[in-house]
Amino acid sequence: ILNVEQSPQSLHVQEGDSTNFTCSFPSSNFYALHWYRWETAKSPEALFVMTLNGDEKKKGRISATLNTKEGYSYLYIKGSQPEDSATYLCAFTSSGSNTGKLIFGQGTTLQVKP
Amino acid sequence: GAGVSQSPSNKVTEKGKDVELRCDPISGHTALYWYRQRLGQGLEFLIYFQGNSAPDKSGLPSDRFSAERTGESVSTLTIQRTQQEDSAVYLCASSPPAGQGLYGYTFGSGTRLTVV
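This is a predicted model, so every value here is computed, not measured. (Residues numbered from 1 in each chain as written. Chains lettered and ligands numbered in written order. Predicted model: local features only at pLDDT ≥ 70, side-chain atom pairs only at ≥ 80, totals over all residues. Heavy atoms only, no water.)

A.B. asks: Explain the overall build of chain B here, please?
C.D. replies: Helix and strand counts for chain B stand at one helix and 10 strands. Mapped in sequence order, the helices and strands of chain B form the string β-β-β-β-β-β-β-β-α-β-β. For 116 residues, the compact-globule formula gives about 13 Å, and the C-alpha radius of gyration of chain B, at 13 Å, lands near that figure. Taken along the three principal axes of its C-alpha coordinates, chain B extends 40 × 25 × 25 Å. Sorting the 116 residues of chain B into buried and exposed places 49% on the buried side. Only carbon and sulfur atoms are counted for the fraction: they give 45% of the accessible area of chain B, which is about 5,400 Å². (Helix = DSSP H or I, 4+ residues; strand = E, 2+ residues; numbered from the N terminus. Rg over C-alpha atoms; globule rule 2.2 N^0.38 Å. Buried < 20%, exposed > 50% of the residue type's maximum accessible area, 1.4 Å probe, protein only. Areas by Shrake-Rupley, 256 points an atom, 1.4 Å probe, with all protein chains shown as cover.)

The structure is reproduced here in structure tokens:
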């Protein structure tokens, strides 16, 4: 059974704080790791796809790192803003015949207070 | 279309009734997925269609759930004899034909199903 775990489950921060959360996934048969942002009443939106150990991706104030050998990824938000409030999902795909199927974690829900 | 379209956006149904949810993927996306999120839980995989291959139905929770897809176009998810535990947001997603694991998904905005 492939398990993707995210922590913390929820997070409340003040505007301007920097924050980070964790995604852990199986380290064997790794193919890709995805991060999505899901705002209330909207569709999940893709943030990053990472494939290589040591990969680091950045989009504005948001960045992510990947360690495939130990099976974890961190998502960082620098200087959080209220508009960053959302649920952040990570998803794992394994190598083999089913590389298209994403297994999602339960998400980290971030609330940024002005 | 420009994005993944789902209908209806909201559905309230009585326990025991059948419901049908529709997903219209992005044109040219051969892969189509259904997921659901029940309250307080993560995104749960239901079913995956890839072109003309047999669908991966491993996530369907019971035989009350079924899904169809005609070619590479519209998909319908049918829930028969709905139960209260079927209440969830049902999300559809599609992805391009090659390397879906790399490109990720484009999601629809979901159908919120409430069984009363």
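So much for the structure itself; the text now carries on.
A.B. asks: What is the right way to look at the sheet that holds strand β6 (residues 65-69) of chain B in this model?
C.D. replies: Picture the strands of a sheet paired through backbone hydrogen bonds; they go either parallel or antiparallel. Residue and element names in this part refer to chain B. What the four strands build is an open sheet, ordered β1-β3-β7-β6; its pairing is antiparallel. Unpaired on one side and paired on the other, β1 (5-7) and β6 mark the two borders of the sheet. Between one strand axis and the next, the sheet turns through 15 degrees on average, direction left out of account. Pairing analysis gives three bridges linking β1 to strand β3 (residues 19-24), with the strands arranged antiparallel. By the bridge assignment, S7 is partnered in β3 with R22. (Pairing = 2+ DSSP bridges. Axes fitted to C-alpha atoms, helices over the stretch in contact; angles between N-to-C directions.)

A.B. asks: Even after reading the chapter, I still don't get the side chain of A:K101, so can you show me in this structure?
C.D. replies: You can see A:K101 is positioned in the loop between β9 (86-94) and β10 (103-104). Residue classification places A:K101 among the buried residues on the basis of a relative accessible area of 15%. Within the local environment of A:K101, its side chain forms a polar contact with the side chain of B:D56, the two groups lying 3.2 Å apart. (Polar contact = N/O pair within 3.5 Å; in protein donor to acceptor, adjacent residues only side chain to side chain.)

A.B. asks: What is the right way to look at the interface of chain B and chain A in this model?
C.D. replies: Contacts between the two partners involve 21 residues from chain B, matched on the other side by 20 residues from chain A. Between chain B and chain A lies a buried interface of about 1,600 Å² when both sides are counted; carbon and sulfur atoms form 60% of it. At the junction of chain B with chain A, the criterion picks out one salt bridge. For the salt bridge of A:K101 with B:D56, the shortest nitrogen-to-oxygen distance reads 3.2 Å. For the interface between chain B and chain A, the tally reads seven residue pairs in polar contact (both at pLDDT 80 or more). Looking at the side of chain B that touches chain A, the elements with two or more residues in it are β4 (31-37), β5 (44-50) and α1 (100-103) of chain B. The biggest single contributor to the side of chain B that touches chain A is α1(B), with four residues. Grouping the constituent residues of the side of chain B that touches chain A by class yields 10 nonpolar, 10 polar and one charged. (Contact = heavy atoms within 4.5 Å. Buried area = accessible area lost by both parts, 1.4 Å probe. Salt bridge = Lys/Arg side-chain N within 4 Å of Asp/Glu carboxyl O. Nonpolar A, V, L, I, M, F, W, Y, C, P; charged D, E, K, R; others polar.)

A.B. asks: Is there a simple way to think about the nonpolar core in this case?
C.D. replies: In a soluble, globular protein the nonpolar side chains are often hidden away together inside. If you look at the biggest cluster of nonpolar residues, it comprises 24 residues, and the most contacted ones within it are A:F25, A:L33, A:W35, A:L75 and A:Y88. When residues of this core are traced back to their parent elements, those giving at least two are β2 (10-14), β3 (19-24), β4 (30-38), β5 (45-50), β7 (62-67), β8 (72-77), β9 and β11 (108-113) of chain A. Not counting residues within four places of it along the chain, the set of residues in contact with A:F25 comprises A:N3, A:V4, A:F30, A:L33, A:L66, A:N67, A:T68, A:G71, A:Y72, A:S73 and A:F92. Listed in part, the 20 residues of the second largest apolar core include B:L21, B:W34, B:F49 and B:L60. (Core = buried A, V, L, I, M, F, W, Y, C linked by side-chain atoms within 4.5 Å.)

A.B. asks: Explanation requested: the pairing of β4(B) in the structure shown.
C.D. replies: In the case of a regular strand, side chains alternate between the two sheet surfaces. All names here are of chain B. For β4, a buried count of seven out of seven residues is recorded, marking the element as mostly surrounded by other parts of the structure. What you see with β4 is no split at all: A31, Y33, Y35 and Q37 on one side and L32, W34 and R36 on the other are buried throughout. Examined bridge by bridge, β4 and β5 share six bridges and lie antiparallel to one another. Each bridged residue has a counterpart across the sheet, and for L32 the counterpart in β5 is F49. Counting the residues between successive antiparallel strands, the hairpin from β4 to β5 contains six residues, one of them, G40, with a positive phi of roughly 80 degrees. Pairing of β4 with strand β8 (residues 88-95), which is carried by seven bridges, proceeds in the antiparallel orientation. Bridging across to β8, L32 finds its partner in S94.

A.B. asks: Explain the sheet that holds β3(A) to me, please; I cannot follow it from the model alone.
C.D. replies: Residues and elements named next belong to chain A. Strand order in the open sheet made by the five strands is β1-β3-β8-β7-β6, with antiparallel pairing throughout. Strand pairing shows two members of the sheet lacking a second neighbour, β1 (5-7) and β6 (56-59), which therefore form its edges. Adjacent strand axes in the sheet meet at a mean angle of 15 degrees, parallel and antiparallel pairs treated alike. Pairing of β6 with β7 involves four bridges; the strand directions are antiparallel. Among the inter-strand pairings, K59 is bridged to a residue of β7, identified as I62.

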